[in-house]
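Here's the letter readout for the chains.
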Amino acid sequence: MDDRSENHDIEVEGGNYAYERKISGILDDGSVGFQQPLLARNRKNTTSQIAIVGANTCPIESLDYEIFENDLFKQDWRSRKKIEILQYTILKWALAFLIGLSTGLVGFLNNLAVENIAGFKLLLTGNLMLKEKYFQAFFAFAGCNLILATAAASLCAFIAPAAAGSGIPEVKAYLNGIDAYSILAPSTLFVKIFGSIFGVAAGFVVGKEGPMVHTGACIANLLGQGGSRKYKLTWKWLRFFKNDRDRRDLITCGAAAGVAAAFRAPVGGVLFALEEAASWWRSALLWRTFFTTAVVAVVLRSLIELCRSGRCGLFGKGGLIMFDVNSGPVLYSTPDLLAVVFLGVVGGVLGSLYNYLVDKVLRTYALINERGPGFKVMLVMAVSILSSCCAFGLPWLSPCTPCPVGTEGKCPSVGRAGIYKSFQCPPNHYNDLSSLLLNTNDDAIRSLFTSRSENEFQISTLAIFFFFVYFLGIITYGIAIPSGLFIPVILAGASYGRLVGRLLGPVSQLDVGLFSLLGAASFLGGTMRMTVSLCVILLELTNNLLMLPLVMLVLLISKTVADCFNKGVYDQIVTMKGLPYMEDHAEPYMRNLVAKDVVAGPLLSFSRVEKVGVIWQALKMTSHNGFPVIDEPPFTEASELCGIALRSHLLVLLQGKRFSKQKTTFGSQILRSCKARDFAKAGLGKGLKIEDLVISGEEMEMYVDLHPITNTSPYTVLETLSLAKVAILFRQLGLRHLCVVPKTPGRPPIVGILTRHDFMPEHVLGLYPHIDPLK
């Protein structure tokens, strides 16, 4: 059972139906009767209500980012004292601080664990190689990898399937308004942390940077929801944040903190949240996000200073990604600019091909993962054995290279790290390919970005390593372990860039280390299609502001080229997982349609004073999450739209049994006996469902006034408004339900309700197959 108390039934969002009036009574057999719809629009929305989260298929529903202005909310807001408003403001900043502190600490401990576990494995392998016990070295290396991989896969397969993958598509979808089972649960956080440690230490071509974004979001969700009732971790003073709107802001801060903790890039974290993760942004959120990432930077800097004295075992001087490429002047000429353009074009092509192949592999793995947890673990084990065989076997194809002049005492390298690993070579020689493959991913990137000597890595070595990382990264992403794409893409791009730098060495003024950086930038731009945030992250990573013009140029070119072929990798994964993501632009064909063209029917609605049995039966028969409330005579002269009542609020109202035997308005009594916090969205724990209600037959015949819980200020649009404008309005306002009202008088007060599923291409093009999607 998920820790969050939400209705996870497969929802139809209550809004995909046209107006239908019902009889407020009970038939002879005890069931509720409904009249035929006055507006016969019986189209059904057949879009999928399930999606893949991590490696798990589960129901999805939308989030209520709109401020729900009912009488209870207004009464609560008016009754708040200045001290409570000040307390709310202070708590927002305090939570931002706690998110930054917790995420920074988790990021540091994550790196500490990976460096020590992987360091022990590599030291054991290296010592056996020095003793020429090659078979024992291989079995020790592969065995350690297999044990770590099995541990990571078992955690994902049996405890939290939602923790598989990078988690960035899921966080992006959540911030767009999509919720799913266990997407940010404590179990997901636990498995994300430890699964990422085991997966990266197991030698997979994956990174811990993507999972850190998901980890930061989970930490923010845990704090913002007041803890978890299931695990006896609740804080009543966090009741102010029991709504989707405030949680969205906190999770945005968490996602930015995850990037800052992964790359030591606080400004890059803010820009990542702005450019890629968040769907809504405002200046107040910018300040809090920047404050959160600043806290992360301070925490990491303080903890790294503790490790400089050698107190962190094999962690060395920090282990966190920080690549000092070159502090010297960056000079470039016209041939260098042409080389940068070439890097950008090829990076865009290779990046789009990478996305295409990742999509195909993910679809294939989905068929395997559907067969159960055991098959997920076996797939991970198979990929682990393949990775170990390649990492240990390919260096045998590389010839031994004499140690460069001036490296006496450093070549061959002694210990777990270093760029001069001897492997099977004689004294004063090193195997450059083993220096890349038998190292942690972070150390491999440092070796590729180094500018000490152009000839440290042979051209053949760089070519072999590029193909190894490129294709093994594609095969690895999608298995049931927490895995990020940043590091595989940076590795492939850096090796490709250094290879181009070696080939163009005689005619270029840029050294190979700078070519590695530009290659990584071109590959990142070609796969992820981000520009501003990637540029700043790379500059913060490398501590080299002089590379800004070239990095900007290569990112723009690679993104432009790649956009000609397909979408960014995270956008593709969101689509493949079936998440109904609302884009920030309308599709071209939407300009040829109006709102009423996609409204499906029929719609279930309630009167302002409704019979308990009618509400109970409607909640039992459907899984809708929003119901129109209609003011009707004798309470008004003519039928008019009162607003929308949420399913969760109706359940709380029925559970409180605030009923009347007479069909009269008694909302003032409900306002006196109820508080807004009674209807607040529950945190982590079991939510109220229709099965939990116990209502007698006598109570079924009683009435309840829905006006106190009805949002009397719903967003509405005319039925003739362009669907393109409606889609943009829906997305920018962060809505869950949008009422469509008639243009002419004398008709029912509502035509239907639009939800995000009504804007999905499969629904619209399914209704009008003759429409050209590109026009």
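In this text the structure is predicted, and so the values were computed from the model without any measurement.

Asks: When you look at the sheet that holds strand β14 (residues 626–631) in this model, what are you seeing that I'm missing?
Replies: The pairing of strands in a sheet happens through backbone hydrogen bonds and is either parallel or antiparallel. Strands sit in the order β12-β14-β15 across an open sheet of three strands; the sheet is mixed. With one partner strand each, in any of the chains shown, β12 (606–607) and β15 (640–646) form the two edges of the open sheet. As judged from the six bridges shared by β14 and β15, these two strands associate in the antiparallel manner. Following the sheet pairing, Asp631 is matched in β15 by Glu640. Sheet strands in contact with helix α21 (residues 647–655) are β12, β14 and β15, and its direction is about 80° off that of β15.

Asks: Is there a simple way to think about the nonpolar core in this case?
Replies: Looking at soluble globular proteins, one finds that nonpolar side chains tend to be buried together. With 158 residues, the main nonpolar core has Phe204, Phe263, Phe465, Phe486, Leu518, Met547 and Val551 as its most contacted residues. With eleven residues, helix α2 (residues 82–130) is the single largest residue contributor to this core. Mapped onto the domain boundaries, this core takes at least three residues apiece from domain 1 (82–309) and domain 2 (335–396 + 440–575). If sequence neighbours within four positions are ignored, Phe204 has contacts with Ala149, Gly199, Val380, Val383, Ser384, Ser387, Asn441, Thr476, Ile479 and Ile481.

Asks: Explain the packing of helix α10 (residues 334–369) against helix α14 (residues 459–476) to me, please; I cannot follow it from the model alone.
Replies: Look at α10 against α14: their axes get within 8 Å of each other, and the N-to-C directions meet at 40°. Residues Leu350, Leu353, Tyr354, Leu357, Val358, Val361 and Tyr365 of α10 form the contact with α14, whose participating residues are Phe466, Tyr470, Phe471, Gly473, Ile474 and Ile475. Class assignment of the residues belonging to the contact of α10 with α14 gives a composition of twelve nonpolar, one polar and no charged.

Asks: Help me understand the packing of aromatic side chains, please; the structure alone is not making it clear to me.
Replies: Both the distance between ring centres and the angle between the ring planes are used here to describe each pair of aromatic rings. Within this structure, the stated rule accounts for 23 aromatic pairs. Measuring from centroid to centroid gives 6.1 Å for Tyr354 and Phe523, while their planes differ by 75°, and the two rings are edge-to-face. With Tyr354 in helix α10 and Phe523 in helix α16 (residues 512–528), the pair connects residues that are 169 residues apart, well separated along the chain. Judged on exposure class, the residue Tyr354 and its partner Phe523 are both buried. For the pair Phe467 and Phe471, a centre-to-centre distance of 6.3 Å together with 5° between the ring planes defines the contact as stacked. Of this pair, Phe467 and Phe471 both sit in helix α14, four residues apart, which is roughly one turn of that helix.

Asks: Looking at this structure, I do not really get unusual backbone geometry. What am I missing?
Replies: Across residues other than glycine, the phi torsion is negative in most instances, and most of the peptide bonds are trans. Backbone geometry at Phe423 places phi at a positive 55°, although glycine is not the residue there. Topologically, Phe423 is positioned in the loop between β9 (401–402) and β10 (429–430). Taking relative accessible area as the criterion, Phe423 reaches 7% and is therefore assigned buried. A positive phi angle, near 65°, is found at Asn428, a position not held by glycine.

Asks: So what exactly am I meant to see when it comes to the pattern of salt bridges here?
Replies: When charged atoms on two side chains of opposite charge get close, those side chains can pair. Enumeration over the complete set of coordinates arrives at 16 salt bridges. A salt bridge links Glu701 to Lys611, with the nearest nitrogen and oxygen atoms 3.4 Å apart. Pair noted here: Glu701 is in the loop between α23 (697–700) and β16 (703–705) and Lys611 is in strand β13 (residues 609–611), with a separation of 90 residues, a long-range link. You can call Lys611 buried: its relative accessible area is 9%. For Arg747, the salt bridge goes to Glu719, with nearest N and O atoms at 2.6 Å. Within this pair, whereas Arg747 is found in the loop between β18 (738–741) and β19 (752–754), its partner Glu719 is found in the loop between β17 (716–718) and α24 (723–733), the two being separated by 28 residues in sequence. Classification of Glu719 as buried rests on a relative accessible area of 5%.

Asks: Can you help me understand the pairing of β14 in this one?
Replies: Each regular strand displays side chains that alternate between the two surfaces of the sheet. Counting buried residues in β14 gives six out of six residues, a clear majority hidden from the surface. By the bridge criterion, two bridges tie β12 to β14 in an arrangement that is parallel. Residue pairing for β14: Ser607 is matched across the bridge by Ile630.

Reading guide: rules and limits
- Residues numbered from 1 in each chain as written.
- Predicted model: local features only at pLDDT ≥ 70, side-chain atom pairs only at ≥ 80, totals over all residues.
- Heavy atoms only, no water.
- Pairing = 2+ DSSP bridges.
- Helix = DSSP H or I, 4+ residues; strand = E, 2+ residues; numbered from the N terminus.
- Contact = heavy atoms within 4.5 Å.
- Axes fitted to C-alpha atoms, helices over the stretch in contact; angles between N-to-C directions.
- Core = buried A, V, L, I, M, F, W, Y, C linked by side-chain atoms within 4.5 Å.
- Buried < 20%, exposed > 50% of the residue type's maximum accessible area, 1.4 Å probe, protein only.
- Domains from an automatic or database assignment.
- Nonpolar A, V, L, I, M, F, W, Y, C, P; charged D, E, K, R; others polar.
- Phe/Tyr/Trp six-rings, centres within 6.5 Å; stacked < 30°, edge-to-face > 60°.
- Salt bridge = Lys/Arg side-chain N within 4 Å of Asp/Glu carboxyl O.

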